[in-house]
Each structure stands twice: as C-alpha cells, then as structure tokens.
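As a plain string of letters, each chain reads:
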Amino acid sequence: EAPPPPPPPEEKKDDEEKAEEEVTIYEFMGYKFPVPQFKMPQIPDWLRVILEYRFPSSIDPFTDLIYVVWLFFVTLAWNWNVWLIPVRCTFPYQTPENIHWWLLMDYFCDGIYIVDIFVMQPRLQFVRGGDIVVSESTCLYKLRTMDVISLFPLDLLYFFTGVKSLLRFPRLLKYNAFFEFNDRLEAVMSKAYIYRVIRTSAYLLYSLHCNACIFYWGSDYEGLGSTKWVYNGKGNSYIRCYYFAVKTLITIGGLPDPTTVFEIVFQMLNYFVGVFAFSIMIGQMRDVFGAATAGEAYYRHCVDSTVKYMSSYKIPREVQNRVKIWYDYTWKSQGMLDEQELLIQLPDKMRLDIAADVNYSIVSKVALFQGCDRQMIFDMLKRLKSVVYLPGDFVCKKGEIGREMYIIKAGEVQVVGGPDGMTVFVTLRAGSVFGEISLLAGGGGNRRTANVKAHGFANLFILDKKDLAEILVHYPESQKLLRKKAKKMLTKDKKPTDEKDQAKDTGEVIPQRPETPKLFKAALEVGTGQTFAKLKEAYKGATLEVFISPVKPETHCTIFGCSRQKIGIEKQSWRFL
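Residues numbered from 1 in each chain as written. Predicted model: local features only at pLDDT ≥ 70, side-chain atom pairs only at ≥ 80, totals over all residues. Heavy atoms only, no water.

### Some points on the packing of helix H7 (residues 176-188) against helix H8 (residues 192-222)
Here comes step 1: Contact geometry for H7 and H8: axes closest at 9 Å, N-to-C directions at 155°. In terms of axis orientation, H7 runs roughly antiparallel to H8. Every residue of H8 that contacts H7 at Phe178, Phe179, Phe181, Asn182, Leu185 and Glu186 is listed here: Ala192, Tyr195, Arg196, Arg199 and Tyr203.
Here comes step 2: Residue classes in the contact of H7 with H8 are distributed as seven nonpolar, one polar and three charged. (Axes fitted to C-alpha atoms, helices over the stretch in contact; angles between N-to-C directions. Helix = DSSP H or I, 4+ residues; strand = E, 2+ residues; numbered from the N terminus. Parallel < 35°, antiparallel > 145°, perpendicular 65-115°, else oblique. Contact = heavy atoms within 4.5 Å. Nonpolar A, V, L, I, M, F, W, Y, C, P; charged D, E, K, R; others polar.)

Given below as structure tokens:
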C-alpha cells in the first residue's frame, strides 16, 4: 500500500509557528532554556473593579462608609494590643516556640497603624474658619500627637532585654481611633443603642480581664499554690483567674480569706475597685436603656395622662377605646406622635430639605399648585401637618366651612352621600387631593358639598387656609394665579342662571348697590334748607340709608362707598354717624 500523503506544507508551518508562540527560548551564559508561555486567565469584573480603584485624594470622615470600614480594622489592631499586652506580661503564654507568631501579629497591627497615620489621616477633610478644606488635606501637620507617640519604637530595646510585650505599651495611646469608630458607627446605625449595650458590656468584660491578669501576677509574686488564696497552678490559668475576678469585682463572695499582708491589701483594693467599677457599669447600662426607650416612655406617659383625663370626666367607653386605638396606630406607623416635635429643633433649611424629600412628590401633583412659584411650594411644605384618622372617622361633613386642604399620604377615604348617607360615590387613595378649593374661596369660606370619611386607617396631610394666606402674601403672582384657577374650578360644572346666583356661588363678585331709600328721597324733596342740597352734592354717587326715629331727634346715616364721618345738621338736629 502507498504511504499516506504528507500534510500540506501550510498546515505544518502553522503548527510550527504555534509551537514557537507557546515556547520561548531564553539564553543565559551560552545556555538556552525553553520556557513555555501561559495565557493569563480573564480577570472577573468584581476583581477588575478592585484593581482599578483609585485611592481618593480626600476623604469625608462623616459620610464616607469606606472610612468607617477602615476604622474598624484600626480598632481591631488597637484591641489586639489592649487585650493581649496584659496577658503576655503576666501569663506564661508567650514562649520561645511561638514568639514568631506573636511578633508577626504585632508588626501587622503596627502596619495598620502606619497606614492610618500617614495615609488615611492626612487625607481627611477638615473645617478651618468655617470652610471645608480639601486641597490641603494631604498635609502632615494634621497628624495627631498621640497617634505619632503610639508608634514610638521601643521595640528596639528587644535587642537588649529580649521580647518584652510591656515595651509595646505606647501602642495603647491610639485610643482616638476607637472612640472615633464608635461615633461614626452609631451615626450610620438605625438602632445605635444595640451597639452601646455591646460596648458597655465589653467595658465590664475588659475590667474583669485586667483583674484576672493582676490576680495571676499577684499569685506568681506570692508563689503559685503557696497559700489557699493564690492560684494553685492547676487547670487553665486564665479561666480560673477570670473566675476569681468575677467573684471579686461583683462581690459574690465565697473566696478563701487572705493570710498575708500583700493578700489582704490586694483583696481590699479589689473590693473597692470592684464596687466602684461595677456601679459605674450598671449606671451606664441604665442610661443606655433609658435613652433607647425614651420615646416609648414618652408615648406611655401621654397615653396614661389622656386615659386619666377621660376617666376623670367620665368620657364614654367607646370614645376612650377609639382614642387608645389612635395612639397605638399612630405610634406603630410613625414611631412618634407628632413629627413637628422632632423637626422643630432643626434649622429652616434642613426642615425644608426633609419636607421636600417626604412631601414634594405628592404636593407637586396637585393641579391647583401647578404653575405656581416653586419657592412658594417649598414654603408650603413646611406647613403641612400629618394627621391619622381611624376607620369610619369623618374627615369633613357636608355643609361645613372648608378651611383645610387634604392630601392622602397613606390609606383610603370615601366620598359618601345619598338619602341614607352611606352611598359611596368615589374612593380616593394615596396621592389624591380633596378640599383644595376651600383654601381660596372668599366670602367666609366654601361649604363642603359631600361627606368624606376614612375607609380604613388613613394618614393625611393637612394644609390650613390661614397658613396658605400667610405664604401668599409674599407671592402676589401665585396668588392671582390660584384665585383664577379656583374661580374656574368652581364654575366649571355650574352655570348660574343669574348674576345673583353667580355672586353667591363664587363669593367674589360685589353685589349690586341697593336703591336709595324712599324715606330719604322724601326728606330731600322737602327742601328744608341748603344743608341737604350740599350733603347730596358732597355724597353724590354714595348710597345712604337713613333711619328716622319719631321718638329721638336723631338720624343714623350710614354712608357706603366713602369714608365715614360725623356731620351735624343744626337746623333739624340730625346727626349723621
């Protein structure tokens, strides 16, 4: 059989080029080394984001969460020194066999200190003369003195004294990072009191930890197992000494009596410090729980005071139950009874920002206020009041004078009417508005034309007519626009048959001037002198109402359309008031 044909020369050439690409020949001192080439794997997107991250030139310590995370690692490094330096100084846990692990962790924590002091801290923004300085935030003069002292290299004395953990005492001076981390973390937590309880508990555990270390040191000084009072050297030394510290500081009792002077003095100091420290911890814990439940305590106080008031005046039980339900629902839905009590302490600008974020999206949808001055709407947002209505409560009733506008924040309301007053005409839901015409109606207000009641629990925003009037004083153009819209909305679906009905409906059209009374005309025709002629000429165009009493020689005259004056008519002894 004939041998198989050789492969095409082009394919062979491609294989050789591919092999040359995969293997690279390196030459060193006359020797050639083939080194295969590997293709780098594709970098994941999340890793690419981390690698391409650029370290910021300035950091806002109040809003940047990355800085809070960094403070967490600095706090861990500080706690390594705070908790373990006393242990290594007293307990025999640091040995020549494991000294390299201790030193590795020590210098790793020192590296975190260095990065924080010379990289992170100089980049923090700061306030100088009321201005936030960003461009100069990389200057080293901002370094804290205690932070720099905490890196004092007493470790160099290891060459003369050996590895003594007590020489790392300056590392404890970086306590500012711990307290700053507490402030920043509480600022971003929604329930900061949980962290405060944990931190206060940690203070108590650390005081017991230090007492356990001191007790082991005292036992070692007296001699392990030399008396019944000292640690006998059996079992886990730290756990047994910690147990002794708990019984001493909390003054449980049941400990062996000290025998030597050293033991007596030590135990007396222990009892004194224990009572003092434990009372402080209990007081702090009480304050933490008191601050955490301050709002609920205020709510309970308000409920109890209201119930006591209703009971003293013998309010019906049904009304009392509805009041209790209102308190309960308002507290659970809002977490407070009155939102204005919290915002009143803030400046107007901050209150406006909060009100705009909460209410602007709702108010901007009201057709009545579209096209008005934007600043007027912002001023109006601060006047909105939140009110909760219970199921079946009437928001407004037919025939009432409307003095408020309602915006549904949550829940539903129903417009009811009919012969029985139970027919539901329409159901309004969150974002709907009603009663806006009554804000601008003249003539004493616009009467409600239907009953509106809450279908379930309804949370409404209320804008008072008086508040809107105070705002519109500063925005005359918006006032004209609103009045024009109100008149148009009033007459949209109603066509009055005559001018009298139109004036009554709108409340803004001036009624026609009544005719001059006939009695006054007759008095003028008598011609009792030139006084009436002069008076008629002076008040030409005005409407006069004259009431003549046959008993009293006085005439009460009211002049409309001109300023009121007192005019004496001597001839007839009439007085015009």
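Now that the structure is up, let's keep going.
### A short note on the layout of surface pockets
Here comes step 1: Considering only enclosed or pocket space, the second largest pocket measures out at about 530 Å³ in volume.
Here comes step 2: Looking at the second largest pocket, it is lined by 19 residues, and the ones nearest its centre are Trp78, Asn79, Phe178, Ala202 and Tyr203.
Here comes step 3: Broken down by secondary-structure element, the contributors of at least two residues to the lining of the second largest pocket are helix H3 (65-90), H7 and H8.
Here comes step 4: Looking at the lining of the second largest pocket, the element that brings in the most residues is H8, giving eight residues.
Here comes step 5: When grouped by side-chain class, the residues that make up the lining of the second largest pocket number 15 nonpolar, three polar and one charged. (1 Å grid on protein atoms, 1.4 Å probe; cavity = no way out; pocket = protein on both sides within 12 Å on 5 of 7 lines; lining within 4 Å. Points joined across faces, edges and corners; volume = space filled by probe spheres on them.)

### Let's talk about the packing of H3 against H7
Here comes step 1: Following both chains from N to C, one finds H3 and H7 inclined at 140°, their axes separated by 9 Å at the closest point. Classified by the angle their axes make, H3 and H7 are oblique. Every pair of crossing elements has a handedness; the one defined by H3 and H7 is left-handed. Counting all contacts with H3, which are made through Leu65, Tyr67, Val68, Leu71, Phe72, Val74, Thr75, Trp78 and Asn79, the residues of H7 involved are Ala177, Phe178, Glu180, Phe181, Arg184 and Val188.
Here comes step 2: Partitioned by chemical class, the residues of the contact of H3 with H7 number 11 nonpolar, two polar and two charged. (Left-handed = near helix turned anticlockwise from the far one by under 90°.)

### Let's talk about the packing of aromatic side chains
Here comes step 1: Counted according to the given criterion, the structure contains 26 aromatic pairs.
Here comes step 2: Arranged with centres 5.6 Å apart and planes meeting at 65°, the rings of Phe91 and Tyr238 form a pair that is edge-to-face. You can see Phe91 sitting in the loop between H3 and helix H4 (99-120) and its partner Tyr238 sitting in helix H9 (residues 237-249), a full 147 residues away along the chain.
Here comes step 3: Taken together, the ring pairs in this structure connect Phe215, Trp217, Tyr221, Trp229, Phe244, Phe262 and Phe266 into an aromatic cluster.
Here comes step 4: Geometry around Tyr113 places Lys174 over its ring, the cationic atom sitting 5.8 Å from the centre.
Here comes step 5: Over the face of the ring belonging to Phe394 we find Lys397, whose NZ or CZ atom lies 5.2 Å from the ring centre. (Phe/Tyr/Trp six-rings, centres within 6.5 Å; stacked < 30°, edge-to-face > 60°. Lys NZ or Arg CZ within 6 Å of the ring centre and 35° of its normal.)

### Section: the sheet that holds strand S5 (residues 385-389)
Here comes step 1: Here we have four strands laid out as an open sheet, ordered S5-S14-S8-S11, and antiparallel in their pairing. Only two strands of the sheet have a single neighbouring strand rather than two, namely S5 and strand S11 (433-434).
Here comes step 2: As judged from the six bridges shared by strand S8 (residues 404-410) and strand S14 (residues 458-464), these two strands associate in the antiparallel manner. Across the sheet, Ala410 pairs through a bridge with Asn459, a residue of S14.
Here comes step 3: Helix H16 (residues 465-472) rests against S5 and S14 of the sheet, and its axis sits at about 45° to S14. (Pairing = 2+ DSSP bridges.)

### Regarding the pairing of strand S13 (residues 451-454)
Here comes step 1: Every second residue of S13 is oriented toward a common face, with Asn451 and Lys453 on one face and Val452 and Ala454 on the other, all of them buried.
Here comes step 2: Across two bridges, the pairing between strand S6 (residues 394-396) and S13 is antiparallel. Within S13, the residue paired with Cys396 across the bridge is Val452.
Here comes step 3: Across four bridges, strand S9 (residues 413-417) lies against S13 in antiparallel orientation. (Buried < 20%, exposed > 50% of the residue type's maximum accessible area, 1.4 Å probe, protein only.)

### Quick look at the UniProt feature "transmembrane region" (unreviewed entry) in the protein chain
Here comes step 1: Here the UniProt-annotated "transmembrane region" (unreviewed entry) positions come out as residues 65-87, 99-119, 201-219 and 264-282.
Here comes step 2: Annotated as residues 99-119, this span is 100% helix and 0% strand, and its ends, taken at the C-alpha atoms, are 30 Å apart.
Here comes step 3: In this annotation, residues 264-282 is assigned 100% helix and 0% strand; the end-to-end C-alpha distance for the span is 27 Å. (UniProt positions renumbered as here; feature names shortened; annotations may be inferred.)

### Remarks on helix H15 (residues 374-381)
Here comes step 1: The element H15 is largely enclosed, with a buried count of six among its eight residues.
Here comes step 2: All of the buried residues in H15 are Met376, Ile377, Phe378, Asp379, Met380 and Leu381.
Here comes step 3: Capping of H15 at its N-terminal end is provided by Asp373; its side-chain oxygen lies 2.8 Å from the backbone amide nitrogen of Gln375. (Polar contact = N/O pair within 3.5 Å; in protein donor to acceptor, adjacent residues only side chain to side chain.)

### Let's talk about the sheet that holds S13
Here comes step 1: Pairing is antiparallel across the open sheet formed by four strands, whose spatial order is S6-S13-S9-S10. For this open sheet the edge positions go to S6 and strand S10 (423-428), each flanked by a neighbour on one side alone. Looking at each pair of strands side by side, their axes are set apart by 35° on average, direction ignored.

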